[in-house]
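Letter by letter, the chains look like this.
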Amino acid sequence: MPRIQKKGQAGAAKNYVTRNQAIRKLQISLPDFRKLCIWKGIYPREPRSKKKVSKSSTSSTTFYYAKDIQYLLHEPLLQKFRDQKVLEKKISRALGRGDVGDAKRLEGNAARSDKTGKPLYTLDHVIRERYPTFVDALRDLDDCLSMLFLFANLPSTSSVPAKMIARCERLCLEFQHYLIASKSVTKSFLSIKGIYYQANIQGQDILWLVPYKFNQRIVGDVDFRIMGTFVEFYMTLLGFVNFRLYTAIGLKYPPKFDAVKDENAAELGAFTLEGKALMGVEEVKQLEDAPHKPDPKVQAAVNKVIKTIKGSEERTEASDNGDAAVEGATSEAIDKFEPAAEGGDELPQPEAAGGSGNSLFANCTFYLSRETPRQPLEFLLKSFGCKRVGWDAVLGDGAFTTNELDPSITHQIVDRPPIQAAADEDEDAEDNQTSQKLAANRRVPGRTYVQPQWVWDSVNDGELKEPHMYAPGASLPPHLSPFVRKVQGAYDPTMPLEEQETEAEALEAVDADADETAEGMDVAGSDDEDEEGDDEDDMEGVEAEEAEDDEDEDEADARQKELEAELAGASVKSQAKTKAKAKEDAKKALNKKAREEAEDLERAKGMLSKKKRKLYEQMIYTNNKKSAEDQKLRSKRRKLEQEKAKGKA
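Residues numbered from 1 in each chain as written. Predicted model: local features only at pLDDT ≥ 70, side-chain atom pairs only at ≥ 80, totals over all residues. Heavy atoms only, no water.

Student: I'm lost on unusual backbone geometry in this one. Help?
Tutor: Most peptide bonds are trans, and most residues other than glycine sit at a negative phi. Residue proline 254 follows tyrosine 253 across a cis peptide bond; omega there is 0 degrees. With respect to the helices and strands, the residue proline 254 is situated in the loop between helix H12 (224–248) and strand E6 (256–257). Here the phi dihedral of glutamine 27 falls at roughly 60 degrees; this positive angle occurs in a residue that is not glycine. With respect to the secondary-structure elements, glutamine 27 resides in the loop between helix H2 (19–26) and helix H3 (30–40). Under the relative-accessibility criterion, glutamine 27 is labelled exposed at 57%. Although it is not a glycine, glutamate 267 sits at a positive phi angle of roughly 55 degrees. Examined against the element boundaries, glutamate 267 turns out to sit in the loop between helix H13 (259–263) and strand E7 (271–272). (Helix = DSSP H or I, 4+ residues; strand = E, 2+ residues; numbered from the N terminus. Buried < 20%, exposed > 50% of the residue type's maximum accessible area, 1.4 Å probe, protein only.)

Student: For this particular structure, what's the right way to read the pattern of salt bridges?
Tutor: A side chain of one charge can pair with a side chain of the opposite charge when the charged atoms of the two come close. By the definition in use, this model includes 15 salt bridges. One salt bridge in this structure joins aspartate 102 and arginine 105, with 2.4 Å as the shortest N-O distance. Note that aspartate 102 and arginine 105 are positioned in helix H7 (residues 100–109) at a spacing of three residues, about one turn of the helix. With a closest N to O distance of 4.0 Å, aspartate 136 and arginine 139 form a salt bridge. With aspartate 136 and arginine 139 both in helix H9 (residues 134–139) and three residues apart, this pair spans about one turn of that helix. Note on aspartate 136: relative accessible area 26%, which makes it partly exposed. Residue classification places arginine 139 among the exposed residues on the basis of a relative accessible area of 55%. Counted as one network, the salt bridges with shared partners bring together Lys40, Glu75 and Glu129. (Salt bridge = Lys/Arg side-chain N within 4 Å of Asp/Glu carboxyl O.)

Student: Hey, could you run me through empty space enclosed by the protein in this one?
Tutor: Evaluated as defined, the whole model comprises one cavity of 30 Å³ or more. Tallied by class, the residues present in the lining of the largest cavity amount to two nonpolar, two polar and three charged. (1 Å grid on protein atoms, 1.4 Å probe; cavity = no way out; pocket = protein on both sides within 12 Å on 5 of 7 lines; lining within 4 Å. Points joined across faces, edges and corners; volume = space filled by probe spheres on them. Nonpolar A, V, L, I, M, F, W, Y, C, P; charged D, E, K, R; others polar.)

Student: Explain the side chain of threonine 372 to me, please; I cannot follow it from the model alone.
Tutor: As for its placement among the helices and strands, threonine 372 is situated in the loop between strand E8 (365–368) and helix H16 (374–383). The buried category is assigned to threonine 372, whose relative accessible area is 4%. At 2.6 Å, the side chain of threonine 372 and the backbone oxygen of serine 369 are in polar contact. (Polar contact = N/O pair within 3.5 Å; in protein donor to acceptor, adjacent residues only side chain to side chain.)

Student: Is there a simple way to explain the sheet that holds strand E10 (residues 411–413) in this structure?
Tutor: The strand order across the open sheet built from four strands is E9-E8-E10-E11, with neighbouring strands paired in parallel fashion. Either end of the sheet is taken by a strand with one partner, and the two such strands are strand E9 (388–391) and strand E11 (448–450). For this sheet, the mean angle separating the axes of adjacent strands, direction not counted, is 25 degrees. Pairing of E10 with E11 involves three bridges; the strand directions are parallel. Within the sheet, the bridge partner assigned to isoleucine 413 lies in E11 and is valine 450. (Pairing = 2+ DSSP bridges. Axes fitted to C-alpha atoms, helices over the stretch in contact; angles between N-to-C directions.)

Student: What should I look at first to understand the environment of tyrosine 449 in this one?
Tutor: Note on placement: tyrosine 449 falls in strand E11. Sequence separation between tyrosine 449 and isoleucine 413 is 36 residues, and the spatial gap between their C-alpha atoms is 5.9 Å. Within the local environment of tyrosine 449, its side chain forms a polar contact with the backbone nitrogen of valine 444, the two atoms lying 3.1 Å apart.

Student: I tried to follow the confidence of the model for the protein chain on my own but got confused; where do I start?
Tutor: Detailed reading of the predicted model is not advised wherever pLDDT is low. When pLDDT is averaged along the protein chain, the result is 78, and 69% of the positions lie at 70 or above. pLDDT under 50 marks residues 352–356. Its contacts with residues more than four places away, or in other chains, come to eight contacts. Across residues 421–431 the pLDDT falls below 50, and counting only partners more than four positions away or on other chains, this stretch makes seven contacts in the model. (pLDDT = per-residue confidence, 0-100. Contact = heavy atoms within 4.5 Å.)

Student: Which parts of the structure should I look at to understand the nonpolar core?
Tutor: Among soluble globular proteins, nonpolar side chains are generally buried collectively. Phe151, Trp208 and Phe361 are the most contacted members of the largest nonpolar core, which has 92 residues in total. A per-element tally of this core places H12 first, with eleven residues. Leu87, Ile91, Ala94 and Leu106 belong to the second largest nonpolar core, which has five residues in total. (Core = buried A, V, L, I, M, F, W, Y, C linked by side-chain atoms within 4.5 Å.)

Student: Is there a simple way to think about the state of the cysteines in this case?
Tutor: Two cysteines joined by a covalent bond between their sulfur atoms form a disulfide. Taken as a whole and judged by the stated rule, the model has zero disulfides. This cysteine, cysteine 168, is not joined by any disulfide, and cysteine 172 carries the nearest cysteine sulfur, 6.4 Å off. Judged by its relative accessible area of 0%, cysteine 168 falls in the buried class. (Disulfide = S-S within 2.5 Å.)

Right under this line is the structure:
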């Protein structure tokens, strides 16, 4: 007779454990258990049936795989947590006895990272376990960079220590220096949340978010302990990645760090890169001009082998010439993906890995005005080949020049509309802090003045945009996200409105224009009547002349309409009726077409199964929702264009 199995010892109940059971099995506290799970990449699991898995009458909410908890039993960090817990008990026991000297001795012997600077534990082995290859680490770098750049901009508090912020900032600046040296940045976008950057590192596209340099306010509803645990792991990860990236391009890691320049807000300028990749042109020439002669015996043997190889190649060169040319062309070219059907969605095209062509601003010298965001502009300009970036001395140290009138400057980035210098002469005039106050001859001849958006749009388009569109005070073109893929039928702000609106929208737009024109004519007529009634006594001398001019204009308009009607073979009234009838016929044809398409769809849906019909209806609902949003965007754009046209008129 087989042994009777007890409840909870087989099946799903054996595969899962609750959080309290896991904590008791590991014999650690709840905060330490959370840390361990975050660092090791172990997350709660949702069983199919909580009733079968739960071993108690109360329904547990958090479950883990039993194998994951068994895997944590062999983690070396567990012993570190236990030693720390034992030490804290000894210190509290000594304080309870009143033995302050013993407690101070025990605390001094402890490796406290916040006081001694020595880490209590390291996460190096965890990084090696979670990322067996370097490509795995690069693929998981998006959240890492976003979190570290966020903490680098936070103020120091009790929950966010200053040393953590300083280390995050240093790691981020080291990573930015690698991107500048390797020219790996591909795109960037200014959004409400912050600035998005995308870089291609060893064939992997990495996208991260950098917040704006505003004064951050720490709120109480955010658990910074959990975020600090992630940051501690990400700092170790980015340290490994920076070391590998620097050594891959021949740079020494870590780079030299100047604390004095860093205190003066130099940021990128506080680091000095060293390595073979930064060897000057003169040093390379010295190596090339160094005397080196081969052994004559070896050279003679090599020449003999080369002659035999050339003789065999000449015999087969004629037949293989065409094939070799085709193979060479195909090997150097990059594959391009084309849609299978005409009018399909544009497919993302592969790009060459990392930056040989990122020299967009190589021949430019920039000067950043005080009101512009210095940090993102400096990073982006240097990432695309610019070697000389200057700014005002109040923005910090590390500038190429602080003299705004330097003749070598080719472009100046300003973010305030210019005002006349005459306003400065008036002492009672209001001080406008959002305007750029320029002296009479302050504009340097031959220098290009642009707004900051010019840099981002030039980077995303891969070419220097026209500066007059981004002049100070000019209305800027729309700043579009380079990460949004174009979809057929969706709203595209780069295309003319007439090319993407539907037939129904075009008819509605024509009717709306006609109604607005008629209302405008009625309002104008009523205004003219009121003005004539009010100013009748003042305009007696000019009334006769205006009447004659109006009669002449009316006769000319009537004559023109009669000529057009004669050419068309109809009267003026019949011509207007013909246009109205044509509009009505177009609307009827459009409605008829819509009804026929709806009937065809209903008949086609009747041939589908119930499951496929539900999927199809869900797809239609989603498409209609998107098309409604696109229609709203097109209507907003149509109104804006009409308002602009009225303003110009």
